[in-house]
Amino acid sequence: MALEADLTGWAALERELSLWKQAGEIPTFWWRDDDTQGPTAALDQLIGLSDRFGAPLHLAAVPKGVEPALAARLEPCDQVFVVQHGFAHINHEPKGKRASEIGESRDLPLQIADLRAGWEMLLAAELPNLLPIVAPPWNRIGPRTVQALPQVGYKMLTAFDPRLSAKTPEGLLQVNCHIDPVRWKEGAAFRGTDKTLQQVVSHLAARRTGQADRQEPTGLLTHHLQTDTATWDFVEALLDRLTGEGGGAWITLASLLKQGQANG
């Protein structure tokens, strides 16, 4: 048992997946990619991976930067969904505080005005599979803003780390991401195989043992515009393993909205 506890990397993931299988359960996963604005070669590569592995993709689009050609690029992609990534991806927090566009310091009416304007921009862009979901830039959102989201018409919030459903108001689901293969300090770079897989295993184990919400699917977060070759290679390998025999099931946020059970 001690050797099993000391496993790292792919071996640790294999062990965790086998524990789910022994329990007669299949872990669920979902995938979000941030900062979409327009068609690029990197977006093509991203959608190609989604198609290849049958893993639905949720693009967090920055409304103010959305290009007219994006809708046409996404039109044939039945399993690609769009969520709202703030308004302009601009930091409004004062110096010394962590970056956020809809954080604690800015007046709430200004935040709500931006969110409403951003939603109207996404509607005007006629993006297919658009969902009433907010993905805050930098994954940070003020508690007052969270409480106001249902009043504005949003049905779901997605950020990072295990969700805290007790802080989510009635009428708002929360489904977060838990895996980020990019290390952001000193510029975007691959976090490394072992460190990223530790994120995967940690959340899966926490779900399995009841230390995290068992019903929250384990979320993969990518950034196609800041992805280097090492990160692309890792994401492809991870998708291959999680989609293969003894892996898990990829789900859509649309299905959770429909079922109304994300906070169950």
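Only a predicted model underlies this, so the values are computations on that prediction, with no experimental measurement involved. (Residues numbered from 1 in each chain as written. Predicted model: local features only at pLDDT ≥ 70, side-chain atom pairs only at ≥ 80, totals over all residues. Heavy atoms only, no water.)

**Student:** Looking at this model, I keep getting lost on the packing of helix H3 (residues 41-53) against helix H8 (residues 229-243). Mind explaining?
**Tutor:** Axis separation between H3 and H8 bottoms out at 10 Å; the angle between their running directions is 15°. Comparing their axes, H8 and H3 come out roughly parallel. The crossing of H3 and H8 is right-handed. Of H8, the residues touching H3 (which contributes Ala42, Gln45, Leu46, Leu49, Arg52 and Phe53) are Trp232, Val235, Glu236, Leu239, Asp240 and Thr243. Taken together, the residues of the contact of H3 with H8 sort by class into 7 nonpolar, 2 polar and 3 charged. (Axes fitted to C-alpha atoms, helices over the stretch in contact; angles between N-to-C directions. Helix = DSSP H or I, 4+ residues; strand = E, 2+ residues; numbered from the N terminus. Parallel < 35°, antiparallel > 145°, perpendicular 65-115°, else oblique. Left-handed = near helix turned anticlockwise from the far one by under 90°. Contact = heavy atoms within 4.5 Å. Nonpolar A, V, L, I, M, F, W, Y, C, P; charged D, E, K, R; others polar.)

**Student:** Can you walk me through the packing of aromatic side chains in this structure?
**Tutor:** The geometry of two aromatic rings is summed up by the distance between their centres and the angle between their planes. Tallied over the entire structure, the rule returns 4 aromatic pairs. Ring centres 5.6 Å apart and planes at 40° place the aromatic pair phenylalanine 29 and tryptophan 250 in the tilted group. Of this pair, phenylalanine 29 sits in strand E1 (residues 28-36) while tryptophan 250 is found in strand E10 (residues 249-250), placing the two residues 221 residues apart along the sequence. You'll find phenylalanine 29 and tryptophan 250 in the same group, each marked buried. Each ring, one from phenylalanine 190 and one from phenylalanine 234, has its centre 5.5 Å from the other, and the planes form 40°; the classification is tilted. Here phenylalanine 234 lies in helix H8 and phenylalanine 190 lies in strand E8 (residues 189-190), a separation of 44 residues in the sequence. Here the two residues phenylalanine 190 and phenylalanine 234 agree in accessibility, since each one is buried. Grouped by ring-pair contacts, the aromatic residues Trp10, Phe190 and Phe234 constitute a single cluster. Of note, arginine 214 hangs over the ring of tryptophan 20, and the distance from its end group to the ring centre comes to 5.5 Å. (Phe/Tyr/Trp six-rings, centres within 6.5 Å; stacked < 30°, edge-to-face > 60°. Buried < 20%, exposed > 50% of the residue type's maximum accessible area, 1.4 Å probe, protein only. Lys NZ or Arg CZ within 6 Å of the ring centre and 35° of its normal.)

**Student:** When you look at the side chain of threonine 36 in this model, what are you seeing that I'm missing?
**Tutor:** Take threonine 36: it is sitting in strand E1. Residue classification places threonine 36 among the buried positions, given a relative accessible area of 1%. Residues in contact with threonine 36, not counting those within four places in the same chain, are Leu59, Ala60, Ala61, Val62, Leu70 and His224.

**Student:** Teacher, can you tell me more about the environment of tryptophan 138 here?
**Tutor:** Along the chain, tryptophan 138 turns up in the loop between strand E4 (130-134) and helix H6 (143-152). The spacing of tryptophan 138 and histidine 89 is 49 residues in sequence and 8.5 Å in space, taken between C-alpha atoms. Sequence-distant contacts of tryptophan 138, defined by excluding residues within four places in its chain, comprise His89, Ile90, Asn91, Ala99, Ser100 and Glu101.

On their own, these measurements won't tell you what the molecule is for.
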